[in-house]
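Chain and residue survey
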Amino acid sequence: LAPAVLATSVAYSIFLSTPLGKEPGGEYTNIRRTFGVKIVAFVGAWLKMISYIDALAYLAGAFASYARTLVPLDANVLAIGALFFFYVIHVAGVKWFGRLQVWMCIILGISLVVLVVPGLFAIHPAYYRPFFTGGVPGFAASLPALFFAYAGFESLAQTAGEVSDSTHRLQIGRAHV
């Protein structure tokens, strides 16, 4: 995925360096100004919202299937509970959601260290021959999960238009992460 990630990140860094990257509206404004047609911009923004709703449903379901091993509740109850929890945090305000994100990032970092570092000593190159054990169809089946993990970095570029003095403030936030 490196070529796709690099190609997309270059486009968003260019977007941020223009005056358009400092105005509210995100991709809707960018598409509308690029093509000059409001309906194309609407469809692009609408499709993004639909894909985010799908991703949110998928991630809530995945969380529920894992959480069922710890909590003996129905998967639908757990998924809806997780969605409701994050909804309440959003309603509470950006400050609380930011704090929650920081703690979730800390937990993620700790879990990566706990899982990856010991696993490095258990790598056997023979296990990776052939590299794509499922062939091209198996590799293609793994891509949706990779795209879910990758999605969302463009939100920083779109946030720039919503933040006053974004060039300065977003640099400060990035330095603290």
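Throughout this document, residue positions are counted from 1 along each chain, in the order its sequence is written. The predicted origin of the model limits local features to residues at a pLDDT of at least 70 and limits the giving and counting of side-chain atom pairs to 80 or more, whereas totals for whole chains, interfaces and linings rest on all residues. As a rule here, side-chain values cover all heavy atoms of the structure and leave hydrogens and water aside.

It is worth spelling out the overall build of the protein chain at this point. Helix and strand counts for the protein chain come out as 8 helices and 0 strands. For helices the rule is a DSSP run of H or I covering at least 4 residues; for strands it is a run of E covering at least 2, with both sets numbered from the N terminus onward. Starting at the N terminus and walking to the C terminus, you meet the elements of the protein chain as α-α-α-α-α-α-α-α. In the protein chain, which comprises 177 residues, the share counted as buried stands at 15%. In the form shown here, the protein chain has an accessible surface area of approximately 13400 Å², with 74% of it arising from carbon and sulfur atoms. For the exposure calls, accessible area comes from a 1.4 Å probe over protein chains only, and a residue counts as buried if that area is under 20% of its type's maximum, exposed if over 50%, partly exposed in between. The method behind every accessible area is Shrake-Rupley, applied with a 1.4 Å probe, and residues are considered shielded solely by the protein chains displayed.

Our next topic: the packing of aromatic side chains. Stacked, edge-to-face and tilted labels apply to pairs of Phe, Tyr and Trp rings (six-membered ring for Trp) whose centres lie within 6.5 Å, assigned for plane angles under 30 degrees, over 60, and everything in between, in that order. The full count for this structure, using the stated rule, is 2 aromatic pairs. For the pair Phe 84 and Tyr 87, a centre-to-centre distance of 6.3 Å together with 35 degrees between the ring planes defines the contact as tilted. Here Tyr 87 and Phe 84 lie together in helix 4 (residues 75-92), a separation of 3 residues that amounts to about one turn. Given the relative accessible area of 54%, Phe 84 is considered exposed. Owing to a relative accessible area of 52%, Tyr 87 belongs among the exposed residues under this scheme. Seen in terms of ring centroids, Phe 85 and Phe 86 are 5.1 Å apart; in terms of plane orientation they differ by 75 degrees. Their pairing is edge-to-face. A ring has a charge above it when a Lys NZ or an Arg CZ is no more than 6 Å from the ring centre and no more than 35 degrees off the ring normal. Against the face of Trp 96 rests Arg 99, its NZ or CZ located 4.7 Å from the ring centre.

To estimate the expected span of a helix, count its residues, drop one, and scale the result by 1.5 Å. Given a rise of 1.5 Å per residue, 30 residues ought to cover 44 Å, and the 43 Å separating the end C-alpha atoms of helix 3 (residues 38-67) matches this to within 8%. Buried within helix 3 we find Ala 41, Ala 45, Lys 48, Ala 55, Ala 60, Ala 64 and Ala 67.

Time to look at the nonpolar core. Buried Ala, Val, Leu, Ile, Met, Phe, Trp, Tyr and Cys residues form a nonpolar core when they are joined through side-chain atoms within 4.5 Å. Of all hydrophobic cores here, the largest spans 5 residues; its members are Ala 60, Ala 64, Ala 67, Leu 78 and Ala 79. Ala 79 has contacts with Ala 60, Gly 61 and Ala 64, leaving out every residue within four places of it along the chain. Any two residues whose heavy atoms approach within 4.5 Å are treated as being in contact.

Moving on to the packing of helix 4 against helix 5 (residues 94-120). Here the axes come from fitting lines to C-alpha atoms, over the contacting stretch only for helices, and the angles between their N-to-C directions go from 0 to 180 degrees. As a packed pair, helix 4 and helix 5 sit with axes 7 Å apart at the nearest point and diverge in direction by 130 degrees. The angle between helix 4 and helix 5 falls in the class oblique. Residue-level contacts link Phe 85, Phe 86, Ile 89, His 90 and Ala 92 of helix 4 to Trp 96, Phe 97, Leu 100 and Met 104 of helix 5. When grouped by side-chain class, the residues that make up the contact of helix 4 with helix 5 number 8 nonpolar, 1 polar and no charged. Just so you know how the angles are binned, under 35 degrees is roughly parallel, over 145 roughly antiparallel, 65 to 115 roughly perpendicular, and the rest oblique. Amino acids outside the nonpolar list (Ala, Val, Leu, Ile, Met, Phe, Trp, Tyr, Cys, Pro) and the charged list (Asp, Glu, Lys, Arg) are all regarded as polar, and Gly is one of them.

Per residue, pLDDT captures the predictor's confidence, and it can take any value from 0 to 100. Confidence in the prediction of the protein chain, expressed as mean pLDDT, is 78, and 68% of residues score 70 or more. In this model residues 173-177 is a low-confidence stretch, pLDDT under 50, and it forms 0 contacts with partners more than four residues away in sequence or in other chains.

This part takes up the packing of helix 3 against helix 4. Two elements in contact, helix 3 and helix 4, have axes separated by 8 Å at closest approach and are oriented at 125 degrees. Classified by the angle between their axes, helix 3 and helix 4 sit oblique to one another. As for the relative orientation of helix 3 and helix 4, their crossing is right-handed in sense. In this structure, helix 3 uses Leu 56, Ala 60, Gly 61, Phe 63, Ala 64 and Ala 67 to contact helix 4, whose residues at the interface are Ala 75, Leu 78, Ala 79, Ala 82 and Leu 83. The handedness criterion is simple: a crossing whose near helix is rotated anticlockwise from the far helix by less than a right angle is left-handed, and one whose near helix is rotated clockwise is right-handed.

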